[in-house]
Amino acid sequence: MEVEVWQKGERTMIRRGLTIILVSIVIIGGFIFGDKSKVAMTAAPDIKIAVVYPLSGAFSRNGNLTVQGIKAAMGWVNDNGGIKSLGGAKLVPVIGDCGSTVEGSANAMERVCRDPEIVMAIGSWASSFSMSSTEVTERLGIPQFSEGFADSLTERGLKWSFYPNPPYSTLSAIVLPQVIELAKNAGKSIKTAMIVGNNQAASVSFYKTAKEIFGKLGIKFIGEETWAIGTLTDATPIMQKVKALNPDVVVYMGDALTEIQMVMMKKKEFDIKTPFMCGGGWLGDPSLKFGGEYLESWIALSPSFPHKLTPREWITRALAQCRKEYSNEAWVGQELSFAYTMVPIMAEVLERAGSRDRQIIRDTGRKLDIHNVMATRHIVGQGMAFDETGRIAPKYRGSLIVQWQSGRPYPVYPPNLALAKPIWGAK
Amino acid sequence: MKRGTPQKRHTFWKDYSPILIACVVGGMISCIIAENRYLQRIILLVFLWAAATSSFNIISGYGGQVVFGYMMFVGCGAYTTVLLFKFAGITPWLGIFFGAAAAGIVAIFIGLPTLRLRSHYFAVATIAFPLILSPILDHLGLEEVTIPFKGYGFSSMQFTDIRVYVAIAIVLLAITLAIIRKIEKSRFGFELKAIKQNENAAEGMGVDVYRTKMFAFVLSAALGGIIGAVYAFSSLFVLTTHAVFGLFIIVRILSINIVGGLGTLWGPVIAASILVPLGEFLNAEFGARAPGVQDIVYGTALIVTIIFMPAGIWGRISEFLEHRHRKLGGSPKLSFAGSSDPGEKGNIEKKESPVVENTPAVGTEDGHDRPVLQVEGIAKSFGGVMALRDVSIEIPEGKVLGIIGPNGAGKTTLFNVINGYLKPDKGKVLFEGKDIAYLKPHDLCRLGIARTFQVAQIFNKMTVLENIMIGAFARHSSSLDAYAIARKTAEKMRMTSRLNDRAVGLSIWETKILELSRALATGPKVLLVDEPMAGLNPEENDKIGEILKAISETGITVIVIEHVVQSLVKIADLMVGLDEGRKVAEGSPEEVISDPHIIEAYLGAKWRKRYAQS
Amino acid sequence: MENGMQLIISGILVGVSYAVLAAGLALIFGVMKIINFAHASFAVLAMYFPTFWFLQWWGIDPFISAGIALPLFFILGYLTQRLLIERVIGESESETSTLIMTMGFSLLIDNFILIGWSGAPRIINQPYTLETWRVGKVLVNHAQTYSLLISLVLIGGLFLFLNKTMIGKAIKAAADDPEGCAYMGINLRFVYGVAFALGIAITATGGCLMATYRPFNPFYGESIIVILFASVVLGGMTSIAGALIGGLIIGIIQQLSSLVVSISLQNVAVFMIFVLFLYLRPQGILGKRERLI
């Protein structure tokens with residue numbers, strides 16, 4: 001039977017459709033089967049390190065800054081002879097983007113770690129992203145370093161991850177009593193406190209510790225205002241409460257820049273004099289530079305911020321690298337300096353392991369115990385060792401107090417690392 | 001038709017084997033890629049998103065009610081299962097059923113009020129719920145819940161080898177697809193289709209619209225809950241409110257469903273196979289330089305598909321296949337075990353009156369004149385307008401009653417009251433002695449009151465056969481029975497040659513016959529016909545009149561609203577005249593049309609003279 | 001008690017910004033029965049361009065940018081309607097189709113902003129951004145107050161346009177009875193185009209105003225689109241005046257809820273009220289109950 005099966009319009013459409021499908025198959029096929037590793041055939045092949053951070057989405061700034069810091073730190077290692085025990089091999093980052101979902105961060109780590117030449121991994125800034133990416137490296141048997149300080153990270157019994165920064169519970173235990181001291185030295189005594197901030201997992205554990213520690217020191221919490229990160233539309237009611245309750249200090253936890261800005265603005269607007277102390281190193285973020293005067297005397301705790309013993313070169317490298325590829329930052333803050341708590345240590349581990357075998361590297365890392373060497377310059381405790389959960393050993397745990405003075409943040413504690421003297425309360 | 005007969009088994013395989021094959025192939029591919037964990041993960045995600053989209057498809061595609069807040073169910077399922085596992089040690093294999101139950105209960109709770117709303121209200125309403133639950137969970141400290149690692153093992157659904165998860169996902173997908181296939185062929189599926197196209201007509205043809213929608217909604221939700229739970233265990237490692245309640249979930253599911261084809265079986269599978277890897281690919285290649293490129297692609301895909309290919313990929317393909325199938329003279333796609341092909345190719349004998357024999361399921365009453373339907377003291381007003389005032393009519397069984405009156409007299413309103421679309425402010429409607437004034441149209445249809453509409457409410461995208469089947473489903477729950485009845489009715493109404501044509505392409509005459517056929521297929525005792533002659537020429541008017549007369553001779557009481565009084569008078573046994581919501585005349589046709597009220601309000605002196613002479 | 005007073009004042013100020021955006025949404029829905037999922041995204045786009053961009057490069061004050069945004073987004077809205085949305089109106093499932101299409105728009109716009117300006121939250125720092133007047137014990141922000149005044153002018157202008165100009169009346173007619181309009185020789189496509197353009201223009205200007213006192217990021221639209229839906233539904237889906245009232249009420253509820261519940265649940269309160277209205281009174285405060293048949 002003679003039947004015109006396809007009409008002209010349909011024919012073109014089918015042709016178009018088929019072409020699109022074919023092209024997609026080719027692209028996806030190439031992606032799947034193509035060789036992605038560009039190994040430069042030098043004397044000693046490069047050491048590939050997976051670097052997985054949120055480069056797009058809500059945390060893109062944090063992720064990007066951390067990655068730029070990592071590149072700068074690796075650059076420093078490479079320019080100083082690379083890993084000598086492996087023939088001067090250079091560190092090479094293989095970068096993956098978490099996107100903005102937990103699924104995305106696991107995807108990214110899986111994708112990057114397809115390459116069997118990956119020897120170690122670093123990631124992923126946000127606690128939920130770090131949790132999923134470390135689960136991936138755990139199953140793959142790849143040692144991963146993470147800057148995360150949520151206590152929940154180390155409660156899982158993972159064997160392959162390393163956390164060179166102290167957990168929140170410790171950070172607060174170190175810093176909070178110091179804050180009381182500071183106030184005392186300024187002639188003020190703290191009797192009441194209030195909590196303001198978001199209710200992310202990390203924040204919540206911080207509040208918990210704050211309540212315990214302050215409680216022991218006889219300080220009463222008279223109010224708590226928390227919100228889900230990203231949902232703060234107007235800081236007015238909160239700052240209302242702060243003004244009304246008038247605590248001696250506010251414990252603030254928030255690292256969404258938008259929200260910080262809102263709170264900051266309202267604090268100034270309402271002329272609230274209560275000192276704010278923050279549980280996050282975001283306070284040092286240079287993007288806050290416009291708000292200098294509003295942040296006067298705000299305190300933050302941070303395990304990673306350029307201090308007296310941080311090598312100058314590291315700082316200039318980080319700024320230059322960042323300027324080259326991402327943005328022109330006014331100074332190095334927490335994110336840009338995170339790399340220096342991790343990469344030099346990783347280089348040291350590789351150096352001592354003398355091998356590309358992941359198991360050996362992991363074992364070497366867990367056995368590490370060093371102090372007062374170049375690699376530990378940026379670490380507050382000036383030393384590094386890991387306990388059985390992979391967390392920095394208690395003896396080396398420490399935290400900085402960073403304070404905003406005259407339009408810039410400075411570390412003001414501990415005294416051996418301070419770049420300025422602490423003050424209490426704005427005028 | 002006994003179970004397990006060879007024909008029935010044959011159909012079973014024909015229906016379900018494609019699903020089986022697709023899943024086996026998917027499983028095999030995943031095994032072939034063996035070592036590569038990343039690719040296995042992609043495949044896992046493809047199957048999971050395909051399954052999630054398929055279950056979403058049940059209410060949104062097949063049911064036509066797009067649920068923008070679908071992540072509510074995914075999240076409920078995930079959270080229930082994980083929390084039970086973490087705090088009560090309940091194995092996820094059991095937990096997923098609790099998750100499904102939680103999602104289902106939430107769906108009932110959400111659906112109770114929202115399903116009564118029009119579709120766009122519904123769509124917007126459902127989004128509010130995950131936005132309410134999410135902050136509450138955050139506030140309770142559940143923003144981030146680690147899934148405790150209790151060692152690799154079956155009981156905790158934690159496996160090193162991703163392929164095990166792939167297998168689970170394949171099974172989930174297969175189950176979902178099988179459920180959808182079953183729905184497609186069942187009464188439930190037909191009812192959903194009818195609701196999607198014309199809710200009011202479906203209601204009038206005996207479909208309990210609300211309950212059907214609710215069932216689809218709950219089913220969709222429960223499946224979504226299971227899939228959400230499996231998603232958490234297999235891909236997430238840590239459960240955050242954003243991961244399972246986030247907006248990106250509905251964006252992805254909707255994109256996949258639209259691109260694949262809403263309301264198609266294979267659409268979600270095909271689209272997931274394309275969009276998920278494509279998104280990953282884009283993220284990998286361009287994620288750092290151009291963040292958000294994945295969503296730009298999804299957004300563009302949505303816009304382009306909606307404009308150029310609203311039926312989606314599979315929708316377009318199946319339209320094309322059907323078109324070609326028909327052109328080549330093939331038998332209809334709809335075949336049930338034991339049926340023969342209605343391949344009649346006769347000319348449309350539309351000018352000959354069909355002979356209506358005893359339609360099935362008509363009650364055999366003795367033909368004495370007791371009123372089958374009684375309207376007593378009905379009053380109805382809209383705003384300040386009294387559409388009906390104290391209308392009382394007795395309608396004897398098996399007769400043809402004609403209702404006439406000028407526009408705005410309240411005729412259609414009266415029908416709406418009798419039929420259940422409107423509730424009267426006052427008065428009773430007694431059907432076989434019982435007050436039915438407050439029953440819903442679908443209940444009334446099943447009791448035996450059927451209706452056609454002033455503006456024909458046919459299901460445009462369904463075939464003639466399917467339209468009539470909807471009517472048949474009012475009394476028969478098996479698709480086979482409905483099919484048989486529909487064919488029989490179509491034969492009687494001489495519509496056999498048009499059985500497989502889409503209802504939208506019918507002429508006015510054919511449309512009206514279709515509406516009548518559909519109404520007859522419901523096996524009514526009373527048939528309400530609203531202005532059947534509108535748009536027909538005089539010859540056709542008489543034909544329709546003859547049909548209606550023939551229908552009444554089988555025992556069905558026919559009530560006809562008509563303006564073409566000439567033709568009505570020839571077939572009516574009784575007539576009633578309405579004006580401004582009041583009954584102003586009643587009796588034999590001659591009495592009514594010569595009633596001075598009627599003449600003045602409606603007919604004019606000229607006509608009266610003419611009739612007086614004939 | 002002045003705590004409550006302060007909250008009510010803040011609520012009004014925030015509510016007005018919702019109201020302006022919601023008015024645009026109600027206009028679009030009332031005339032064309034389109035639920036514009038991308039509505040808030042257009043507002044956010046306006047925050048970046050022209051507001052942020054002009055301020056950064058040429059130091060142009062945001063309030064002036066708001067004036068520029070009005071005609072700019074009018075054109076953008078008109079083109080969007082004529083070139084894209086028009087293609088799917090009028091088909092049987094157009095309500096869902098347009099919703100999906102506008103969802104596609106929101107994805108495009110939000111991510112275009114992300115690529116262009118990165119995800120870092122932005123802030124306008126003009127003198128009036130942080131200054132307040134003291135009225136008794138209540139503090140009133142300068143920028144918000146200026147925005148309020150300009151919003152009032154904007155809304156007044158909208159009502160004048162709809163009621164006094166030929167086109168405005170044509171729009172109202174098209175909302176009531178599109179078929180009748182067609183018979184009367186009114187070019188429906190043109191009218192729809194203008195209606196959509198008008199809705200978008202108002203939203204964009206509203207967005208510029210919002211930018212003067214609060215930080216914004218590419219995905220801010222996501223957070224407020226459902227609040228806008230809630231405002232429109234609360235007020236009665238086809239009523240612009242209703243949407244204005246709805247927006248105000250929601251703004252006030254949002255702020256006042258912090259007296260009763262933790263601020264993390266402020267939106268929960270809003271959405272619960274939204275849902276309640278849908279249950280009990282879907283036609284909202286000023287809308288009309290729809291007949292089924």
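Overview of the pairing of strand S6 (residues 426–431) of chain B
Residues and elements named next belong to chain B.
Link 1 in the chain: Across five bridges, strand S3 (residues 371–382) lies against S6 in antiparallel orientation. When the sheet's bridge partners are listed, Leu373 is paired in S6 with Phe431.
Link 2 in the chain: The sheet contact formed by S6 and strand S7 (residues 434–435) spans two bridges and is antiparallel. By the bridge assignment for S7, Leu430 is matched with Asp435.
Link 3 in the chain: Hairpin remark: S6 followed by S7, antiparallel, with two residues in the connecting loop; positive phi at Glu432, about 50°.

What to know about the packing of helix H3 (residues 102–112) of chain A against helix H2 (residues 37–62) of chain B
Link 1 in the chain: At their nearest, the axes of H3 of chain A and H2 of chain B sit 8 Å apart, and the two run at 145° to each other. Contacts between H3 of chain A and H2 of chain B involve Asn107, Glu110 and Arg111 of chain A from the former and Arg37, Tyr38 and Arg41 of chain B from the latter.
Link 2 in the chain: Taken together, the residues that form the contact of H3 of chain A with H2 of chain B break down as one nonpolar, one polar and four charged.

Details of H2 of chain B
Residue and element names in this part refer to chain B.
Link 1 in the chain: Helix length check: H2, at 26 residues, gives a terminal C-alpha distance of 35 Å against a target of 38 Å (1.5 Å per residue), a fit within 8%.
Link 2 in the chain: Most pronounced at Phe56, the bend in H2 amounts to some 40°.
Link 3 in the chain: In terms of residue burial, H2 counts as a mostly covered element, since 26 of its 26 residues are buried.

Here's the deal with the sheet that holds strand S12 (residues 582–587) of chain B
Within a sheet, each strand pairs with its neighbour through backbone hydrogen bonds, oriented either parallel or antiparallel.
All names here are of chain B.
Link 1 in the chain: Strand order in the open sheet formed by six strands is S8-S9-S10-S5-S11-S12, with mixed pairing between adjacent strands. A single partner strand is all that each edge strand has here, and the edge strands are strand S8 (449–451) and S12. Recorded for the sheet is a direction-independent mean angle of 20° between the axes of neighbouring strands.
Link 2 in the chain: Packed onto the sheet, helix H15 (residues 411–419) meets strand S5 (400–404), S8, strand S9 (526–530), strand S10 (557–561) and strand S11 (574–579) and runs at close to 150° relative to S9.

Focus: the interface of chain A and chain B
Link 1 in the chain: In this assembly, 38 residues from chain A lie in contact with 36 residues from chain B.
Link 2 in the chain: Breaking the side of chain A that touches chain B down by element, the ones donating at least two residues are helix H1 (8–33), strand S2 (91–97), H3, helix H4 (127–140) and helix H6 (201–216) of chain A.
Link 3 in the chain: Partitioned by chemical class, the residues of the side of chain A that touches chain B number 14 nonpolar, 15 polar and nine charged.

Notes on the interface of chain B and chain C
Link 1 in the chain: On the chain C side, the residues contacting the 38 residues of chain B number 34 residues.
Link 2 in the chain: Elements that contribute at least two residues to the side of chain B that touches chain C include exactly helix H4 (92–114), helix H5 (119–139), helix H11 (247–260) and helix H13 (293–308) of chain B.
Link 3 in the chain: Ranked by residues supplied to the side of chain B that touches chain C, first place goes to H5 of chain B with 14 residues.
Link 4 in the chain: Among the residues forming the side of chain B that touches chain C, the class breakdown is 27 nonpolar, nine polar and two charged.

Let's talk about the sheet that holds S3 of chain B
Residues and elements named next belong to chain B.
Link 1 in the chain: In spatial order, the strands read S4-S3-S6-S7; together these four strands make up an open sheet with antiparallel pairing. The two strands at the open ends of the sheet, each matched to only one other strand, are strand S4 (385–396) and S7.
Link 2 in the chain: Sheet analysis places S3 next to S4, joined by eight bridges and oriented antiparallel. Bridging across to S4, Leu373 finds its partner in Ile395.

A short note on the environment of Phe68 of chain B
Link 1 in the chain: Here Phe68 of chain B is to be found in the loop between H2 and helix H3 (71–88).
Link 2 in the chain: Non-local contacts of Phe68 of chain B, meaning those with residues more than four positions away in its chain, are made with Ala123, Val124, Thr126, Ile127 and Ile250 of chain B.

How each quantity is defined
- Residues numbered from 1 in each chain as written.
- Chains lettered and ligands numbered in written order.
- Predicted model: local features only at pLDDT ≥ 70, side-chain atom pairs only at ≥ 80, totals over all residues.
- Pairing = 2+ DSSP bridges.
- Helix = DSSP H or I, 4+ residues; strand = E, 2+ residues; numbered from the N terminus.
- Axes fitted to C-alpha atoms, helices over the stretch in contact; angles between N-to-C directions.
- Contact = placed C-beta atoms within 7 Å.
- Nonpolar A, V, L, I, M, F, W, Y, C, P; charged D, E, K, R; others polar.
- Expected span 1.5 Å × (residues − 1).
- Bend = angle between axes of the 7 residues up to and from the residue.
- Buried ≥ 20, exposed ≤ 12 C-beta atoms within 10 Å, placed from the backbone.

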